[in-house]
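The primary structure of each chain is shown beneath.
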Amino acid sequence: QVHPAAVMVAALVGLNWLGIIGVILAAPVLATIKLLGTYALMKLMDKNPWDYIVAPPSKPDTPPVSEKIKDFLNFMFELFKKLAEKIRS
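About the cut-offs
- Residues numbered from 1 in each chain as written.
- Predicted model: local features only at pLDDT ≥ 70, side-chain atom pairs only at ≥ 80, totals over all residues.
- Heavy atoms only, no water.
- Axes fitted to C-alpha atoms, helices over the stretch in contact; angles between N-to-C directions.
- Helix = DSSP H or I, 4+ residues; strand = E, 2+ residues; numbered from the N terminus.
- Parallel < 35°, antiparallel > 145°, perpendicular 65-115°, else oblique.
- Left-handed = near helix turned anticlockwise from the far one by under 90°.
- Contact = heavy atoms within 4.5 Å.
- Phe/Tyr/Trp six-rings, centres within 6.5 Å; stacked < 30°, edge-to-face > 60°.
- Expected span 1.5 Å × (residues − 1).
- Bend = angle between axes of the 7 residues up to and from the residue.
- Buried < 20%, exposed > 50% of the residue type's maximum accessible area, 1.4 Å probe, protein only.

Attention now moves to the packing of helix α1 (residues 4–18) against helix α2 (residues 20–44). Relative to each other, α1 and α2 sit at 140°, their axes nearing to 7 Å. On the basis of their axis angle, the class for α1 and α2 is oblique. Crossing angle aside, the handedness with which α1 passes α2 is right-handed. On the side of α1, the interface is formed by A6, V7, A10, A11, G14, L15 and L18, while α2 contributes I20, I21, G22, V23, A26, A27 and L30.

Have a look at this one:
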């Protein structure tokens, strides 16, 4: 959870120091520095350093892509079948 303005500043600093490579590496380096800094600060205050990290929400159960493709193809087949019947009649 790095603020977007901090990423922009880091990208500008990275651009001045390392060019395009600095821009590419700015966000990961900034996030790493923030993580290590927060960890050290929490340890200094005798708190659990991982309490503030929230687990991402679990994905809802969705059918695999192959099932979605199969359903779509069946739908299209039925649609063209109905269209062919209308053209014949």
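Another point: the packing of aromatic side chains. What the rule picks out here adds up to one aromatic pair. Ring geometry for Y39 against W50: centres 5.4 Å apart, planes inclined by 35°, an arrangement best described as tilted. With Y39 in helix α2 and W50 in the loop between α2 and α3 (65–88), the pair connects residues that are 11 residues apart, well separated along the chain.

Moving on: α2. Compared with the 36 Å implied by 1.5 Å per residue over 25 residues, the 36 Å span of α2 between its first and last C-alpha is a close match. The largest bend along α2 reaches roughly 45° and is located at A26, with the proline P28 sitting one to four residues downstream. Turning to α2, its buried residues are G22, A26, T38 and M42. In this structure, the buried residues of α2 make contact with α1.

Trans peptide bonds make up the majority, and among non-glycine residues the majority have a negative phi. Of note in the backbone geometry, D46 takes a positive phi value of approximately 55° without being a glycine. Looking at the secondary structure, you find D46 in the loop between α2 and α3. The exposed category is assigned to D46, whose relative accessible area is 72%.

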